[in-house]
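The residues making up each chain are set out below.
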Amino acid sequence: MNAGIIGISKYIPPKCVSNADYEKVFETSDEWIRTRTGIENRHIAETEETSDLAYNAAKQAIENAGITPQQIGMILVATVTQDQNFPSVACQIQERLGITGCAAMDISAACSGFIYATTIAKQFIESNSYDYILVVGVEKLSKIVDWTDRNTAVLFGDGASAAVIGKVSEGRGILSFELGADGTGGKHLYLNSQNHIFMNGREVFKFAVRQMGESAVNVLEKAGLTKDDCDYLVPHQANIRIMEAARERLGLPEEKMSKTIHKYGNTSAASIGISIVDDLQEGKIKDDDIVVLVGFGGGLTWGALAIKWGK
């Protein structure tokens, strides 16, 4: 039996910051931000830490899966914005969930983290090592943004998504995956000596446009499928032009691609899970749909999953 997502949730901090708010701080405009990135709003965690965001999403995902916290055998948290170096966010939310003894660790793959963590969970579920694994993608990027740099400050938001991975019925679940990294590209997107995000936008854009499309096609081929079999695309919500390039590579109409970037900005490891939650609530993802998840991030990393949706 395949591993699949049996419960999923999100948590968005309440404070919303619009493009109009940035017009008061930077020499920029709502039109400039929207046309170049697709972003209109993003949410900022004020008093909450990364582990708080993660816990709120995790608790709801477990409830959504219809299991108890004690049934979780492993916790995997994808993040690059831990509260501190240790203990890990995974260990912190394990304590708050009241789980004793399960494996827990953080994964650092930047915006590809949710896909990396879900792929790792798949291996443990399908080898019968664990019945249920909690995967969390969470970021508090507001604490590593350079608030004097308009080119990066307007891009990022805070948030969390969490999914419970378990066994699903025959034919459903994760059909294939692709993971990769190119460490030579790390110089284009990293945390600098001031503990701020540095990004060479031009180089990251070129990499992402190529890699997102390639990975989306590759993961379908690995599952024995073609582009025509894809019902829905959930790309990492980084930039609308990058997302559109991946959609066009698959030949999908606009309504078959998830788009939440206008509401939340780039939430890194949280973005794909957040998008899935919104799409499920709006009826855009249905049981037995072939759904492709694809992302890229600092490292430079990338990953994709082909899923036949449903428990």
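In this text the structure is predicted, and so the values were computed from the model without any measurement.

J.: I'd love a proper account of the sheet that holds strand E1 (residues 3-11), names of residues and values included.
T.: In spatial order, the strands read E1-E7-E6-E4-E5; together these five strands make up an open sheet with mixed pairing. Two strands close off the open sheet at either side, each with one partner strand: E1 and strand E5 (103-107). Between one strand axis and the next, the sheet turns by 20 degrees as a mean value, whatever way the strands run. Sheet topology note: the strand E6 (residues 133-140)/strand E7 (residues 158-167) ladder contains eight bridges and is antiparallel. Residue pairing for E7: lysine 140 is matched across the bridge by aspartate 158.

J.: I'd like a rundown of the packing of helix H7 (residues 201-222) against helix H8 (residues 240-250), residues and numbers included.
T.: Between H7 and H8, the least distance of the axes is 9 Å, while the angle of their chain directions is 35 degrees. The way H7 lies across H8 gives a crossing that is right-handed. On H8, the residues touching Phe205, Ala208, Val209, Met212, Gly213, Glu214, Ala216, Val217 and Leu220 of H7 are Arg241, Ile242, Ala245, Ala246, Arg249 and Leu250. Classifying every residue of the contact of H7 with H8 by side-chain character gives eleven nonpolar, one polar and three charged.

J.: I'd like to hear about unusual backbone geometry, residue by residue, with values.
T.: Along the chain, phenylalanine 86 connects to proline 87 via a cis peptide bond; the corresponding omega equals 0 degrees. With respect to the helices and strands, the residue proline 87 is situated in the loop between strand E4 (74-78) and helix H4 (89-97). Here the residue pair glycine 299 and leucine 300 is connected by a cis peptide bond, since its omega of -10 degrees sits within 30 degrees of zero. Looking at the secondary structure, you find leucine 300 in the loop between strand E12 (290-297) and strand E13 (301-308). The phi dihedral of serine 268 is positive, around 55 degrees, even though this residue is not glycine. Tracing the backbone through its elements, the reader meets serine 268 in the loop between helix H9 (261-264) and helix H10 (271-281).

J.: Give a description of the sheet that holds E13 that names residues and reports values.
T.: If you walk across this open sheet you meet the four strands as E8-E13-E12-E11, and the pairing is mixed. The two strands at the open ends of the sheet, each matched to only one other strand, are strand E8 (173-181) and strand E11 (232-235). The sheet shows a mean angle of 10 degrees between the axes of neighbouring strands, taken without regard to direction. As paired elements, E11 and E12 share four bridges and run parallel to each other. Its bridge partner being in E12, proline 235 is matched across the sheet by valine 294. Sitting on the sheet, H7 is in contact with E8, E11, E12 and E13, with an inclination near 150 degrees to E12.

J.: Go over the packing of helix H3 (residues 50-65) against H4, please, and point to the residues and values.
T.: Packed helices, taken two at a time, are described by the angle their axes make and the gap between the axes. Contact geometry for H3 and H4: axes closest at 9 Å, N-to-C directions at 55 degrees. Judged by the inter-axis angle, H3 sits oblique to H4. Crossing angle aside, the handedness with which H3 passes H4 is right-handed. Between H3 and H4, the residues in contact are Thr50, Ser51, Asp52, Ala54, Tyr55, Ala58, Lys59 and Ile62 and Val89, Gln92, Ile93, Arg96 and Leu97, respectively. Residue classes in the contact of H3 with H4 are distributed as seven nonpolar, three polar and three charged.

J.: Account for the packing of aromatic side chains, with residues named and values stated.
T.: Taken as a whole and assessed by the stated rule, the structure comprises six aromatic pairs. A ring pair is formed by tyrosine 22 and tryptophan 147, whose centres lie 6.3 Å apart and whose planes are at 15 degrees; its orientation type is stacked. In this pair, tyrosine 22 is assigned in helix H1 (residues 19-23) and tryptophan 147 in the loop between E6 and helix H6 (150-153), connecting sequence segments 125 residues apart. Under the relative-accessibility criterion, tyrosine 22 is labelled buried at 4%. Here phenylalanine 207 and phenylalanine 296 contribute two aromatic rings whose centre-to-centre distance is 6.4 Å and whose plane-to-plane angle is 75 degrees, an arrangement assigned as edge-to-face. Taken together, the residues phenylalanine 207 in helix H7 and phenylalanine 296 in strand E12 connect sequence positions 89 residues apart. Both residues of the pair, phenylalanine 207 and phenylalanine 296, count as buried.

J.: So what's going on with H10? Which residues, and what values?
T.: Counting buried positions over the eleven residues of H10 gives nine, a clear majority of the element. What H10 keeps buried is the set Ser271, Ile272, Gly273, Ile274, Ser275, Ile276, Val277, Asp278 and Asp279. Here the buried face of H10 lies against E1, helix H5 (113-126), E7, E11, H9 and E12. Immediately downstream of H10, the backbone of glycine 283 shows phi near 75 degrees, a positive value.

What counts as what
Residues numbered from 1 in each chain as written. Predicted model: local features only at pLDDT ≥ 70, side-chain atom pairs only at ≥ 80, totals over all residues. Heavy atoms only, no water. Pairing = 2+ DSSP bridges. Helix = DSSP H or I, 4+ residues; strand = E, 2+ residues; numbered from the N terminus. Axes fitted to C-alpha atoms, helices over the stretch in contact; angles between N-to-C directions. Left-handed = near helix turned anticlockwise from the far one by under 90°. Contact = heavy atoms within 4.5 Å. Nonpolar A, V, L, I, M, F, W, Y, C, P; charged D, E, K, R; others polar. Parallel < 35°, antiparallel > 145°, perpendicular 65-115°, else oblique. Phe/Tyr/Trp six-rings, centres within 6.5 Å; stacked < 30°, edge-to-face > 60°. Buried < 20%, exposed > 50% of the residue type's maximum accessible area, 1.4 Å probe, protein only.

Function cannot be inferred from these measures alone, as they are strictly geometric.
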